[in-house]
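Listed below are the residues making up each chain.
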Amino acid sequence: MTSTYRIATIPGDGIGTEVVPAAQQVLDAVGSRHGIRFDWNEFDWSCEYYARTGRMMPENGLEVLAEHDQIFLGAVGYPGVPDHVSLWGLLVPIRRAFRQYVNLRPVTLLPGIDSPLRDVPAGGIDFLVVRENNEGEYSETGGRLYRGTPEELAIQDSVFTRRGVDRVMRYAFDLAQCRSGRLASATKSNGIIHTMPFWDEIFRELAAEHRDVETSEYHIDALAAMFVLDPGRFDVVVASNLFGDILTDLGAAIIGSIGIAPSANLNPEGEHPSMFEPVHGSAPDIAGTGAANPLGQVWTGAMMLDHLGHPQAAADVMAAISSVLADTGARTPDLGGTASTQEVTAELLTALARTE
Ligand code: ATP
Ligand code: MG
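These numbers come from a predicted model, not from an experiment.

Asker: Any chance you could explain the overall build of the protein here in plain terms?
Answerer: Scanning the protein from terminus to terminus reveals 11 helices and 12 strands. Computed over the C-alpha atoms, the radius of gyration of the protein is 20 Å, within 12% of the 21 Å expected from 2.2 N^0.38 for a compact globule of 356 residues. The C-alpha extent of the protein, read off along each of the three principal axes, is 60 × 50 × 40 Å. For the protein, the residues scored as buried account for 46% of the 356 residues in total. Across the protein, every contact between residues at least 6 apart in sequence was considered, and the portion connecting residues at least 24 apart equals 76%.

Set out below in structure tokens:
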């Protein structure tokens, strides 16, 4: 029996248009061995689309996406188009409309990759960051007053709702239960005296409900330091939107390159499509040179397979990534090699064929 999925593909800008086709090839190859068929439906929504139309996506863009099982995205953003345009014109509306309230980012040091940290053994970094993805510090409320005067000021509100905090934390507790049972929370309740104590309160209520999970709370500054000094202690980390954003860029750095870090914007209930996108951006500095590392996009594809309920196919993709990193030395420049996007992709396909 073949499972067929309608996937909305948004390659986006820059290297997004290079690594998405690479990952599609890998997913098609692994899918054919597991009875999985992808119906790719491509959309050219991007900063280039914005330059032509004044919008990042058409007015009915969300309705069009809603007809798909999942969304597979490369990266949006390009010099000349302000970052808030690509963020608020495409990514945020998708994340909110489809209640993708979990942003899940694995921080795993793959075999064969050197962490910039000293003395990290193979397998020494392996945890998941659960970032709140729908509310928190990234809000529309606030404003500017007294522009151009010495009294000028700016106010940005953070919005934390009980429902929003509760659901993302429940996801994190469940995840910890399926792993080593340790959950750390990122807070800053000594300095941020309304929202963060609220965050902590809900975390403690849920901890009381999940006695089998060993919980800890860290102020975000100390937590960031711990990511560098002792990353091996973490299993699952739950964080607000802003704190999670910062922590996961740091997480991508300690696993060797932002070019390999994956992420998933999840609607855990599966009522709406989820969106899968690598941590990296459009990397205009290397776009068009063939130097883009496709592994982040490919790993992101493995997360999509997992979410679709195909853990074995996802494991095959991860095994292919590991074998390419371990054996062939086919690496893009960000990992110290000289291989191109296409060469790494070809090696992945060869590795997949070998496991047949
Ligand atoms: P955005 O605003 O879209 O997040 P950015 O400029 O913040 O973009 P990236 O586009 O991720 O960040 O680029 C950061 C650095 O990492 C750049 O030097 C880029 O070349 C490098 N980089 C990002 N992705 C990759 C990749 N897949 N392969 C190799 N290098 C990459
Ligand atoms: Mg960025």
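Asker: Help me understand the environment of Ile286 in this model?
Answerer: Relative to the helices and strands, Ile286 resides in the loop between strand S12 (274–276) and helix H9 (295–307). We classify Ile286 as partly exposed; it has 19 C-beta atoms within 10 Å. Separated by 11 residues in sequence, Ile286 and Met275 have C-alpha atoms that sit 25 Å apart. Residues contacting Ile286, with those up to four places away along its chain left out, are Ile15, Ala291 and Ala292.

Asker: So what exactly am I meant to see when it comes to the UniProt feature "domain: Isopropylmalate dehydrogenase-like" (unreviewed entry) in the protein here?
Answerer: Mapped onto this numbering, the UniProt entry annotates "domain: Isopropylmalate dehydrogenase-like" (unreviewed entry) at residues 6–348. Across residues 6–348 one finds 41% helix and 19% strand; the C-alpha atoms that close the span lie 24 Å apart.

Asker: Any chance you could explain the sheet that holds strand S10 (residues 236–239) here in plain terms?
Answerer: Where strands meet in a sheet, backbone hydrogen bonds hold them as pairs that are either parallel or antiparallel. Reading across from one edge, S2-S1-S3-S12-S11-S4-S5-S10-S8-S9 is the order of the 10 strands in this open sheet, with mixed pairing throughout. One side of each edge strand has no neighbouring strand; the edge strands of this open sheet are strand S2 (36–42) and strand S9 (214–219). Adjacent strand axes in the sheet meet at a mean angle of 25°, parallel and antiparallel pairs treated alike. Where strand S4 (residues 102–108) lies against strand S5 (residues 126–132), 7 bridges are found, and the strand directions are antiparallel. Looking across to S5, one finds that Arg105 is bridged to Val129. Across the face of the sheet, H9 comes into contact with strand S3 (70–75), strand S11 (264–266) and S12 while running at roughly 155° to S12.

Asker: Help me understand the pairing of S10 in this model?
Answerer: For a regular strand, side-chain orientation follows a simple rule: the groups alternate between the two sheet faces. Burial along S10 is two-sided: the face carrying Val236 and Val238 and the face carrying Val237 and Ala239 are both buried. Bridge count for S5 against S10 is 4 bridges, and the pairing is parallel. If you follow Val130 over to S10, its bridge partner there is Val238. With 3 bridges connecting them, strand S8 (residues 182–187) and S10 associate as parallel partners. In the strand pairing of S10, Leu183 is matched with Val236.

Asker: Help me understand the domain arrangement of the protein, please; the structure alone is not making it clear to me.
Answerer: By a frequent convention, interface size equals the accessible area lost on bringing the separate parts together. Parsing the protein into structural domains produces domain 1 (1–100 + 264–356) and domain 2 (114–254). When each unit is reduced to the centre of its C-alpha atoms, the spacing between domain 1 and domain 2 is 25 Å. At the interface, 7 residues of domain 1 touch 5 residues of domain 2. Among the residues forming the side of domain 1 that touches domain 2, the class breakdown is 2 nonpolar, 2 polar and 3 charged.

Asker: Honestly, the packing of helix H7 (residues 220–229) against helix H8 (residues 241–254) in this entry has me stumped. Any pointers?
Answerer: Each packed pair of helices is defined by two parameters, the angle between the axes and the distance between the axes. At a minimum axis distance of 10 Å, the contact between H7 and H8 shows a crossing angle of 10°. Judged by the inter-axis angle, H7 sits roughly parallel to H8. Considering only the axes of H7 and H8, their crossing is right-handed. Of the residues in H8, those in contact with Ile220, Leu223, Ala224, Phe227 and Val228 of H7 are Phe243, Leu247, Leu250, Gly251 and Ile254. Its residues assigned to classes, the contact of H7 with H8 shows 9 nonpolar, 1 polar and no charged.

The rules behind these values
- Residues numbered from 1 in each chain as written.
- Chains lettered and ligands numbered in written order.
- Predicted model: local features only at pLDDT ≥ 70, side-chain atom pairs only at ≥ 80, totals over all residues.
- Helix = DSSP H or I, 4+ residues; strand = E, 2+ residues; numbered from the N terminus.
- Rg over C-alpha atoms; globule rule 2.2 N^0.38 Å.
- Buried ≥ 20, exposed ≤ 12 C-beta atoms within 10 Å, placed from the backbone.
- Contact = placed C-beta atoms within 7 Å.
- UniProt positions renumbered as here; feature names shortened; annotations may be inferred.
- Pairing = 2+ DSSP bridges.
- Axes fitted to C-alpha atoms, helices over the stretch in contact; angles between N-to-C directions.
- Domains from an automatic or database assignment.
- Nonpolar A, V, L, I, M, F, W, Y, C, P; charged D, E, K, R; others polar.
- Parallel < 35°, antiparallel > 145°, perpendicular 65-115°, else oblique.
- Left-handed = near helix turned anticlockwise from the far one by under 90°.

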